[in-house]
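# Descriptive structure summary
So the chains spell out like this:
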Number of protein chains: 2
Amino acid sequence: MTVRIEDIGRSVRETAYAVRGPIVARAQELERQGRRVVYCNIGNPQALSQRPLTWIRQVLALAEYPELMDRAPPGLFPEDAVAAARRVVEGTQHGLGAYTDSKGYRFVREAVAAFIQARDGIPADPEAIFLTDGASKAVQTVLRLLVDGPGDGILIPTPQYPLYSATITLYGGAQIPYPLDEAHGWSLRRESLEAAIARARAAGVRPRAICVINPGNPSGAVLSEANVAMVLELARAHGLAVLADEVYQENVYRPGDRFVSFASLLVKGGFRDVSLFSFHSTSKGLLGECGHRGGYVEARNVPGKVMDEITKLQSVALCANSAGQIVTYLMVSPPGPDGASRAGWERERREIKESLARRAAIVEEGLNRVPGIRCNPVTGAMYAFPRIELPPGVGDAEWCLALLEETGICVVPGSGFGQAEGTFHFRTTILPPAGELQAVVERIASFHAAFTARWKAPATP
Amino acid sequence: MTVRIEDIGRSVRETAYAVRGPIVARAQELERQGRRVVYCNIGNPQALSQRPLTWIRQVLALAEYPELMDRAPPGLFPEDAVAAARRVVEGTQHGLGAYTDSKGYRFVREAVAAFIQARDGIPADPEAIFLTDGASKAVQTVLRLLVDGPGDGILIPTPQYPLYSATITLYGGAQIPYPLDEAHGWSLRRESLEAAIARARAAGVRPRAICVINPGNPSGAVLSEANVAMVLELARAHGLAVLADEVYQENVYRPGDRFVSFASLLVKGGFRDVSLFSFHSTSKGLLGECGHRGGYVEARNVPGKVMDEITKLQSVALCANSAGQIVTYLMVSPPGPDGASRAGWERERREIKESLARRAAIVEEGLNRVPGIRCNPVTGAMYAFPRIELPPGVGDAEWCLALLEETGICVVPGSGFGQAEGTFHFRTTILPPAGELQAVVERIASFHAAFTARWKAPATP
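This one's a predicted model, so the numbers in the text were calculated from it and none came from an experiment. (Residues numbered from 1 in each chain as written. Chains lettered and ligands numbered in written order. Predicted model: local features only at pLDDT ≥ 70, side-chain atom pairs only at ≥ 80, totals over all residues. Heavy atoms only, no water.)

### Some details on the sheet that holds strand β10 (residues 383-384) of chain B
Residue and element names in this part refer to chain B. Read from one edge of the open sheet, 3 strands run β10-β14-β13, paired in antiparallel fashion. For this open sheet the edge positions go to β10 and β13 (412-413), each flanked by a neighbour on one side alone. Where β10 and strand β14 (residues 426-429) come together, 2 bridges link them in antiparallel fashion. Across the sheet, residue Y383 finds its bridge partner in β14, namely T429. (Pairing = 2+ DSSP bridges. Helix = DSSP H or I, 4+ residues; strand = E, 2+ residues; numbered from the N terminus.)

### So, the interface of chain B and chain A
Reports often express the size of an interface as the amount of accessible area lost when the parts come together. Listed by partner, the interface residues are 92 residues for chain B and 93 residues for chain A. For the pair chain B and chain A, the two sides together bury roughly 7500 Å², of which 56% comes from carbon and sulfur. Put simply, chain B and chain A have 8 salt bridges between them. The partner of E67 of chain A in a salt bridge is R51 of chain B, and the shortest N-O contact between them spans 3.1 Å. In this structure, the connection of chain B to chain A is made through 42 residue pairs in polar contact (both at pLDDT 80 or more). (Contact = heavy atoms within 4.5 Å. Buried area = accessible area lost by both parts, 1.4 Å probe. Salt bridge = Lys/Arg side-chain N within 4 Å of Asp/Glu carboxyl O. Polar contact = N/O pair within 3.5 Å; in protein donor to acceptor, adjacent residues only side chain to side chain.)

### Quick look at helix α2 (residues 22-32) of chain A
Residues and elements named next belong to chain A. Regarding α2, the residues found buried are I23, V24, A27 and L30. The buried residues of α2 occupy an angular sector of 115° when the element is viewed end-on, so they sit on one face. With respect to the buried face of α2, the exposed residues turned more than 90 degrees away are P22 and R32. Of the surrounding secondary structure, the elements contacted by the buried residues of α2 are β1 (38-39), α15 (396-407), β12 (409-410) and β13 (412-413). Count one or two residues on from α2 and you reach G34, which has phi positive near 105°. (Buried < 20%, exposed > 50% of the residue type's maximum accessible area, 1.4 Å probe, protein only. Arc of directions from axis to C-beta.)

### Quick notes on the side chain of H238 of chain B
Residues and elements named next belong to chain B. Relative to the elements of secondary structure, H238 occurs in helix α10 (residues 225-238). Within polar-contact distance, the side chain of H238 engages the side chain of E194 at 2.7 Å. In this structure H238 touches E194, I197 and R201, once residues within four positions along its chain are discounted.

### Focus on the relation of the copies chain B and chain A
Between chain B and chain A, the superposition needs a rotation of 180° and an axial shift of 0.0 Å, giving an RMSD of 0.0 Å. Look at the turn and shift together and you get a two-fold axis relating the two. Looking at the rotation axis and the C-alpha trace of chain B, the residue lying nearest is A61 of chain B, at 2.1 Å. Comparing interface residues between copies, 100% of those in chain B also sit at the interface in chain A, which points to an isologous, same-surface contact. (Least-squares fit on C-alpha atoms with pLDDT ≥ 70 in both.)

### Here's the deal with the pattern of salt bridges
Residues and elements named next belong to chain A. Enumeration according to the criterion identifies 66 salt bridges over all chains in this entry. The residue R208 makes a salt bridge to D152 at a minimum N-O spacing of 3.3 Å. Residue R208 is found in strand β5 (residues 206-213), and its partner D152 is found in strand β3 (residues 152-158); the two are separated by 56 residues along the sequence. Exposure class is identical for R208 and D152. Each is buried. One salt bridge connects E351 with R347, and the closest N-O pair in it is separated by 3.7 Å. Taken together, the positions of E351 and R347, both in helix α14 (residues 342-368) and 4 residues apart, correspond to about one turn of that helix.

Below is the structure:
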């Protein structure tokens, strides 16, 4: 008797992950049939023409094949890239082919600590940093510590990134959704959070932690300093740990907006009684090195014994991949100000950032011109989460599927992220190249008009 | 209130992983104090002077930094390495920086299928192959499907590789240990397996699957074809899935021995009613590319809906790392017979294999000369699991810690792998370079004599 689907654990079967769900499967099927598909379902910049930073790839190539440092003719690599590769190879001790420490290479954790220190002006401890296969794995490890059964609740935003809902379900815990305020740029309100906690407690669920995504996915919003401080106050009041998903910290587009890390306010506000887990990744920002699966979690106000449990969980599958750890190192260790690589590195980053900002504006402004679609300002991250007006009885999954079938544009239904009862949305990335993105927005506009017209004027009464 | 250790889930706290457990932590502490430690605790070849295969690293470097293919002067890279790198970059579609398919790059899965087909003379389906961050993650994903609570039992060998016990505990399932027959070269006996199943059933545990490690870790033994066939018969009789950990398939040292894959006997024996999950890795064999975390699982006789669950679990953390997938591709796609790289690739592999075989003999013969230590033939994998006679009341953890403190040699206690009641063992890798390994064996010999002498002649009566 072979394994049957009925034999698979309930928690596995109930886990849902919309970003790569049925609509994406259908898109891949259409592509195999020869249709052209524009993938706006996932924040995967290099799949949509963004080029990797040269600095990263030069150092990585040299570190993978160190003989090249001696064999390459002068001029093939800039000197500072060779020097960085030598530091990398020395830091790894045995090169990229050996298992690393369970927590990740020590020299990378030191570089990450220095990066946090420089970013926030606060001390940071390399021993409280864990390198992981992308931030997703880091989030899963921390949730694994906190969720042991249906009585353990985790506060997650509505809308949220489905990594959170999927992982909480997989571990058999309880989701405690709290609404983001769509009418006020997807900001957080303390009273909504308090209400969510009260509802959970009334249902016998113990709130263990609050997840905050800043800048927001799918919301595309940058949280204010006041919002970040409020979450820390709330966490203190209710004994919650804070999971701060800060993978989009470099993706802030609106002049005047500023990314404020949870770690900085935790330290400056003296929140010694709040445990914080902050996540960062090589996949977003201006790198977009998604495939390399680099990421980390930094723990603060977490006892050593609990951190040892993270190390243990990491150790069971040995360590995060070495190349991803090196990309993480290079993310936080740019070329020096006087090095030959510096000017090119600055130019590449500036071009990517300006282009992302331009594309955020194209999506926001373009969609807001469509009757029946309303889009909050896209001030950060890589997404818009516009609201759509739909005919009675029609859901956003149906709308997204029809959009895919009729235009080849692949977006994700709002229902995959969570949304206020009776409202409908979709998530699109801002990542297609600007020219193409303009066309995407226009096709969405004409599709939406045609789609809603079908219901307004039924063929037979 | 911060997170406390008492708040962490029981299943997490009860998970134990000896290979990187307290003895290794102590070794690292000693090293920080300036002591020299010989790490024989983990199969990490490149940390012990094994060099990466040049072919792998040349192609990987070019794929990470494709501009190099055009910019490198002729002769810096062999032509076939450049051609392979072009195939890789084309196969990835968007380079190594984009997310891959949740199951892994299609072209790599096709290459793995071709490799299995060539190895076993059986058909293989790329859609039944899932690329993972090392084989460990693949094992964890399959166990995740099969284990949903304390009533789900998984048969694991005694001694076993603690990935299995750790993961089953973490998922809240039941371990069903079955003994390997130490008196007969760590082989499997059907009656022991039947007895283990009967005991589990009597305890209310439903046996779901059997894990077999071949060649064995920590046993160092290669299973006979008859043993593999017997496991398939047993699995059919009891409705078990088979998890075949075949990561050491290239590490077979004794002339006349041969690795027989579960897949080959499954197909040739017509076991259509047995679900098989076979695991392979880039970390072992003659590559030793542990840090790159490349691996795969191939599923057979597994319904599409169950395979979809694997894809879904993979998709929640998006995909396995791209570089590890490329190393997997290169493991199964050697340089062509007429290419410039072929001769060097063959020479490097031959040298590694001969050296491993020599080192297996040094460990086996050396330890068998020590009074009070008995070691089965090390015919495969990278480990010996010798039995040690200890004074009454002394355990192998104590012995291993004393060995570390007195000699700087880091091995893992048998208790971390499981062993017959009243017997004691340790696991050592065969990986230090031959000269050093000889010294390791001699130091273990004199340590063991001194250690046991202390108990034989107590200072005070």
